[in-house]
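Notes for the structure review
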Amino acid sequence: MGATATPRPAELAVAASGGRDSTALLHATLRAARPLGVRVHALHVHHGLHPQADTWQRQVRTQCRRWGAIFHATRLSGAPAPAESVEAWARRERYAALATMARAAGCDIVLLAHHRRDQAETVLLQLLRGGGARGLAAMPADAKRGGLRWLRPWRDQPREAIEAYLRQHRLRWVDDPGNDDGRYARNRLQQVVWPALTDAFPQAEAALAQAAARAAEEAAALREFVAQDAAACADGDALRVAAWRALSPARQALLLRHQVEVWSGRGVPGTLVRRLQAELPGAASGQWPAPGGRLVLRKGRLSYQRDPSGPGQHSD
Ligand SMILES: Nc1ncnc2c1ncn2[C@@H]1O[C@H](COP(=O)(O)OP(=O)(O)OP(=O)(O)O)[C@@H](O)[C@H]1O
């Protein structure tokens, strides 16, 4: 399996947990990069949550020493905000720490070792959270974020291919750092749902990954439609309600969701979208609570006012 990225960088980072998948990815990346003169950095995040976390970090350090990668590690400090899950906190802080280490190492590209099973699990989890096309699209193979490129070169590879690679090269890893960050839903899915699902539907992994690929295309097309509608209905920072009303109900809902998300920087509950669809057409003026602020209708224009006391726009 290949693990190189194009165009060829001088420095390449691999997010290395010490577990099975990123052990294989770090090894394969080094094999591909060495003849090209590309330096490989292994970035490890110690979540400080699990008794075995020191072992995982040592494992990555040892791999780096043995295989000739440059080792970087960050230990997370702090704690989740009151309403935040450990999982959400760990995930956000992990990506932030990876980004900081990558930039400090002079890397523009970070490789992640997600594979097709991870993709399939993410689709199921999104479905169970009630996600739409964008959520069901799951993880992109190539994404730009925070000035970095995040690549998942093995996103479409079955897990068995990675296991075969590990066997072929007699690689050792430390089991299950994934449990480090309190991922209750994903762990239950892996332990309880997945075995039963694949027993009944052996093609589930491939089918769910295919569903994600279709959802990604559909989400991209929807983004284009909604951008056109947003431009057609814009009045400065506000939305012209008369123009919005001329759209079909499906496009009205999409545009409201998109617009409030852009204004507030947060996810928009479906209940708010439905309420606005019901109430906006008959209203001459009005106010509706929205994430982080409120929506104000005046003189046919819908605009957003941020709560002065609320937290700033979040960057996720
Ligand atoms: N502690 C860690 N340090 C460095 N990289 C990590 C760490 N944990 C995970 N990763 C990177 O993220 C990849 C996916 O890991 P994992 O499946 O545990 O994350 P996830 O939580 O399922 O996915 P996501 O990060 O998208 O939420 C790993 O293969 C590895 O590349």
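Residues numbered from 1 in each chain as written. Predicted model: local features only at pLDDT ≥ 70, side-chain atom pairs only at ≥ 80, totals over all residues. Heavy atoms only, no water.

To be explicit about the condition: UniProt positions are given in the numbering used here, feature names are shortened, and annotations may be inferred rather than shown by experiment.
As annotated in an unreviewed UniProt entry, the chain is tRNA(Ile)-lysidine synthase from Rubrivivax albus. UniProt annotates the chain under Sequence similarities (unreviewed entry) with the comment "Belongs to the tRNA(Ile)-lysidine synthase family." Of the comments in the UniProt record for the chain, the one headed Subcellular location (unreviewed entry) reads "Cytoplasm".

1. Considering the overall build of the chain
The condition that has to hold: Every helix listed is a DSSP run of H or I at least four residues long, and every strand listed is a run of E at least two residues long, numbered separately from the N terminus. Type-normalised accessible area, obtained with a 1.4 Å probe on protein chains alone, sets the label of each residue: buried when under 20%, exposed when over 50%, and partly exposed for intermediate values. Contact criterion: two residues are considered in contact whenever any of their non-hydrogen atoms come within 4.5 Å of each other. Computed by Shrake-Rupley with a 1.4 Å probe, the accessible areas treat only the displayed protein chains as cover when residues are assessed. Charged residues are defined here as Lys and Arg on the positive side and Asp and Glu on the negative side; His and the ends of the chain fall outside this count. Charged side chains are reduced to one point each, which is NZ for Lys, CZ for Arg, CG for Asp and CD for Glu.
Along the backbone of the chain there are 11 helices and 11 strands. Out of the 316 residues in the chain, the part that is buried amounts to 43%. Once local pairs closer than 6 in sequence are excluded, the contacts in the chain between residues at least 24 apart make up 66%. Surface summary for the chain: the accessible area is close to 16,800 Å², and the carbon and sulfur share equals 51%. For the chain, the distance from the average position of its 44 positive side-chain charges to the average position of its 29 negative side-chain charges is 3 Å.

2. Quick notes on the UniProt feature "binding site: ATP" (unreviewed entry) in the chain
In the UniProt entry, the feature "binding site: ATP" (unreviewed entry) is given for S17, G18, G19, R20, D21 and S22. Here G18 shows up in the loop between strand 1 (11-15) and helix 1 (20-33). Taking the relative accessible area as the measure of exposure, G18 reaches 1% and is therefore buried. The residue R20 is located in helix 1 in this model. Contact partners of R20, with chain neighbours within four places excluded, come to R159, E163, L166, W173, V174 and D175.

3. Some words on the site of the ligand
Selection criterion: Neighbouring residues are identified by heavy atoms, a residue being near a molecule or strand if any of them is within 4 Å of it. Contacts described as polar in this section are N or O atom pairs within 3.5 Å, which, within protein, must combine one atom able to donate a hydrogen with one able to accept it, while residues neighboring in sequence count only if both atoms come from side chains.
Near the ligand you find 19 residues, and of these A15, V45, R91, Y95 and R183 are the closest. The separation between an oxygen atom of the ligand and a polar side-chain atom of H114 is 2.9 Å. In isolation the ligand has 610 Å² of accessible area, and contact with the protein removes 90% of it. Counting only elements with at least two residues in the shell around the ligand, the list comes to strand 2 (39-46) and helix 3 (86-104). Sort the elements by how many residues they give to the shell around the ligand and helix 3 lands first, with 4 residues.

4. Describing unusual backbone geometry
Of note in the backbone geometry, A138 takes a positive phi value of approximately 60° without being a glycine. Along the chain, A138 falls in the loop between helix 5 (133-136) and strand 5 (142-145).

5. Considering the environment of P202
Along the chain, P202 turns up in the loop between helix 7 (184-200) and helix 8 (204-233). A relative accessible area of 63% means that P202 is categorised as exposed. Counting along the chain gives 63 residues from P202 to G265, while the straight-line C-alpha distance between them is 40 Å.

6. Quick notes on helix 3
What counts is decided by this rule: Here, expected helix span is obtained from the residue count minus one, scaled by 1.5 Å.
The end-to-end C-alpha distance of helix 3, which contains 19 residues, comes to 26 Å, matching closely the 27 Å that a straight helix rising 1.5 Å per residue would cover. All of the buried residues along helix 3 are W89, A90, Y95, A97, L98, A99, M101 and A102. Looking at the buried residues of helix 3, the elements they touch are strand 1, strand 2, strand 3 (70-75), strand 4 (109-111) and strand 6 (148-151). G106, located one to two residues past helix 3, shows a positive phi value of around 75°.

7. Quick word on the sheet that holds strand 6
Selection criterion: Any two strands between which DSSP finds at least two bridges are classified as paired. Angles run from 0 to 180 degrees between N-to-C directions of axes, and those axes are lines fitted to C-alpha atoms, restricted for helices to the stretch in contact.
Pairing is mixed across the open sheet formed by 6 strands, whose spatial order is 3-2-1-4-6-5. Two strands close off the open sheet at either side, each with one partner strand: strand 3 and strand 5. Direction aside, the axes of adjacent strands within the sheet are offset by 25° on average. The pairing of strand 1 with strand 4 spans 2 bridges and is parallel. Note that in strand 4 the partner of A13 across the bridge is V110. Packed onto the sheet, helix 3 meets strand 1, strand 2, strand 3, strand 4 and strand 6 and runs at close to 150° relative to strand 2.

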